[in-house]
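# A look at the structure
This is what each chain is made of:
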Amino acid sequence: MAGNEGVYEFAKNLAHEHAQVIPVSVFVAVLCLCFVVGHLLEENRWVNESITAICIGCIAGTIILLVSKGKSSHILRFNEELFFIYLLPPIIFNAGFQVKKKQFFRNFLTILMFGVIGVFISTSIIAVGSWLLFPKLGFVGLNARDYLALGTIFSSTDTVCTLQVLHQDETPLLYSLVFGEGVVNDATSVVLFNAIQKIDVTRISGANGLRVVGDFLYLFFTSTALGIAFGLLAAYALKTLCFGRHSSIREISLMVLLAYLSYMVAELLDLSGILTVFFCGILMSHYAWHNVSESSRITTRHVFAMMSFIAETFIFLYVGMDALDIEKWKITTLSLGDSLGIYSTLLVLILLGRAAFVFPLSAISNYLNRRATGSSSLSFKHQVIIWWAGLIRGAVSIALAFKQFTYSGVTWDPVNATMITNTIIVVLFSTLVFGFLTKPLINYLLPHAATSTLNRKESKDISEDMNLPLLSFDESAETNISRAKDNLSMLMERPVYTIHSYWRRFDDAYMRPIFGGPLANQSTA
């Protein structure tokens, strides 16, 4: 009898193991299909990897729905913790590791305005607009925190489609602005989302608003500082311990683990892991990458890019499957007309919320980055491209929506289910429609000759800024005072480029000798 029970338990455990292995195997097979189809469509710039994954996800979801006789369209159940702990870190770290640092920090002030101030403006417009319009469309049941969270959910951009059309070498200025804003925007949206969860929505006042801003600034700067600390720690360890003399595997492993550890420590300290791992990636690329062997340099770039690529494809594939989640659609109580009204309202608010900050902040950026001749750095056509680039919503929006309106991917509340389906529809529509129109719009607005002229002017101005002298303790006080006046005048005239010039000189004099890397005149990064 005891033997029969043992056999029964063994069979039960084996069946349970198969029940877990089979869905994972099927999902991995579909992932492989995404890579194959993406390769076959490589020359077609109209259909990028995210659109391909979403379409295949929809097809796979339809097949699963038919096989299960309408019960489910899922192979795996989405878990927002899985996204934030395992899928998001490699995506954000690779973004920081692969970024062209010269262009990124040269335009850092503009990127910061778009990615931080812009999120606050967009969040406010989307939250207030939803609060005013949703009840008129017959959709009620959201509280104040839900509306504020809704603002952050739909302020998070996904610039993959635009970046696959823009070329980093041909349009470095626009590429760095779109890329940099996309990463900072995602980080800001998550930080602001977490800050909103802490406020008392029953007593919304000016003091509570200032507290949210204070919490955000604290999270932003402390998370950034933590990422810088981990990046410098990795660089110093690799430089002094010389792992490459014995094994390149150890130095690659150390980079990967320290990067992931930076994210996890930030989350344990209730900081923003996105910001931390992003700046850790920048610092590792700037210093640590130069302290490893040549083979490790090649390997790390491919390994980090591979991990990010798999994670991004995984997310978009699931979004395509989740669009056919019959359970959420059954729970939703709104009529088709009311649902279309909600979708349309959200899309209009996204358009207005982005326009409300891109064009005014571009004017401010042009003023701060003005040349001696007074010409603007961003024309109206470039501003339209930047506006369009941020209209697409993606993985972070999905993850934040699931975090706000579900519990481990499941909800039985009609209001919450409606918000999940709304988010999925907006992500699908913006990715497919806006994504398909990205290439013709950029080709129409951005002739190659104009961008080449802009880039040549950009390079000329930067080389002039690099001639600024630093103060020296070896020279007389009168000379330093005269030099300080000239530097202050240049700082007031062209603040962004002047600060960038000083940082490059400080980096060469103090940082690179300690943490590694070539001097500025030797660097091509």
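In this report, we go over the structure that sits alongside the text. These figures come from a predicted structure and were not determined experimentally.

## Concerning the overall build of the chain
Along its length, the chain carries 20 helices and 0 strands. Counting all 525 residues of the chain, 51% fall into the buried class. The contacts of the chain with a sequence gap of at least 6 include a subset with a gap of at least 24, amounting to 83%. Carbon and sulfur atoms make up 67% of the accessible area of the chain, which amounts to about 24,100 Å² in all.

## Section: the packing of aromatic side chains
The geometry of an aromatic ring pair is captured by the separation of the ring centres together with the interplanar angle, meaning the angle of the planes. One pass over the structure, following the stated rule, counts 19 aromatic pairs. Between phenylalanine 27 and phenylalanine 314, the aromatic rings sit 4.6 Å apart at their centres with planes inclined by 45°, giving tilted as the arrangement. Residue phenylalanine 27 is found in helix H1 (residues 2–40), and its partner phenylalanine 314 is found in helix H12 (residues 294–322); the two are separated by 287 residues along the sequence. Side by side, phenylalanine 27 and phenylalanine 314 carry an identical accessibility label, which is buried. The lysine or arginine in question, arginine 297, covers the ring of tryptophan 289, its NZ or CZ lying 5.4 Å from the ring centre. If you follow lysine 403 out to its NZ or CZ, it ends over the ring of phenylalanine 84, 4.9 Å from the centre.

## A closer look at the nonpolar core
Phe83, Phe134 and Met284 are the most contacted members of the largest nonpolar core, which totals 122 residues. When residues of this core are assigned to their parent elements, the largest contribution, 12 residues, is made by helix H8 (residues 172–196). Built from parts of two domains, this core gets at least three residues from each of domain 1 (10–68) and domain 2 (80–445).

## As for helix H3 (residues 80–98)
In this model, H3 (19 residues) spans 26 Å end to end at C-alpha, consistent with the 27 Å of a helix rising 1.5 Å per residue. The sharpest bend along H3 comes to roughly 45°, located at leucine 88, with the proline proline 89 sitting one to four residues further on. Here H3 lies mainly inside the structure; 14 of its 19 residues are buried.

## Overview of the pattern of salt bridges
A full pass over the atoms with the stated rule returns 2 salt bridges. Here glutamate 181 makes a salt bridge to arginine 354, at a shortest N to O gap of 2.8 Å. Of this pair, glutamate 181 sits in helix H8 while arginine 354 sits in helix H14 (residues 336–368), and the two are 173 residues apart along the sequence. Judged by its relative accessible area of 2%, glutamate 181 falls in the buried class.

## Some thoughts on a nonpolar patch on the surface
Among the surface-exposed residues, Val128, Trp131, Leu132 and Leu133 lie close enough to one another that they form a single nonpolar patch of about 380 Å² accessible area. Mapping leucine 132 onto the fold places it in helix H5 (residues 108–133).

## Some points on the side chain of serine 176
Along the chain, serine 176 turns up in helix H8. Here the side chain of serine 176 touches asparagine 107 through a polar contact of 3.2 Å, side chain to side chain. Discounting chain neighbours no more than four positions away, the residues touching serine 176 are Gln103, Phe104, Asn107, Ile111 and Glu181.

## Notes on the packing of H14 against helix H17 (residues 414–445)
At their nearest, the axes of H14 and H17 sit 10 Å apart, and the two run at 60° to each other. In terms of orientation, H14 and H17 fall into the oblique class. Seen from above, H14 lies across H17 with right-handed handedness. Within the contact between the two elements, H14 uses Ile342, Tyr343, Leu346, Leu347, Ile350 and Leu351 and H17 uses Thr421, Asn422, Ile425, Val426, Phe429 and Phe434.

Calculation notes
Residues numbered from 1 in each chain as written. Predicted model: local features only at pLDDT ≥ 70, side-chain atom pairs only at ≥ 80, totals over all residues. Heavy atoms only, no water. Helix = DSSP H or I, 4+ residues; strand = E, 2+ residues; numbered from the N terminus. Buried < 20%, exposed > 50% of the residue type's maximum accessible area, 1.4 Å probe, protein only. Contact = heavy atoms within 4.5 Å. Areas by Shrake-Rupley, 256 points an atom, 1.4 Å probe, with all protein chains shown as cover. Phe/Tyr/Trp six-rings, centres within 6.5 Å; stacked < 30°, edge-to-face > 60°. Lys NZ or Arg CZ within 6 Å of the ring centre and 35° of its normal. Core = buried A, V, L, I, M, F, W, Y, C linked by side-chain atoms within 4.5 Å. Domains from an automatic or database assignment. Expected span 1.5 Å × (residues − 1). Bend = angle between axes of the 7 residues up to and from the residue. Salt bridge = Lys/Arg side-chain N within 4 Å of Asp/Glu carboxyl O. Patch = residues over 30% accessible without salt bridge, like charges linked within 9 Å, V, L, I, M, F, W, Y side chains within 5 Å. Polar contact = N/O pair within 3.5 Å; in protein donor to acceptor, adjacent residues only side chain to side chain. Axes fitted to C-alpha atoms, helices over the stretch in contact; angles between N-to-C directions. Parallel < 35°, antiparallel > 145°, perpendicular 65-115°, else oblique. Left-handed = near helix turned anticlockwise from the far one by under 90°.

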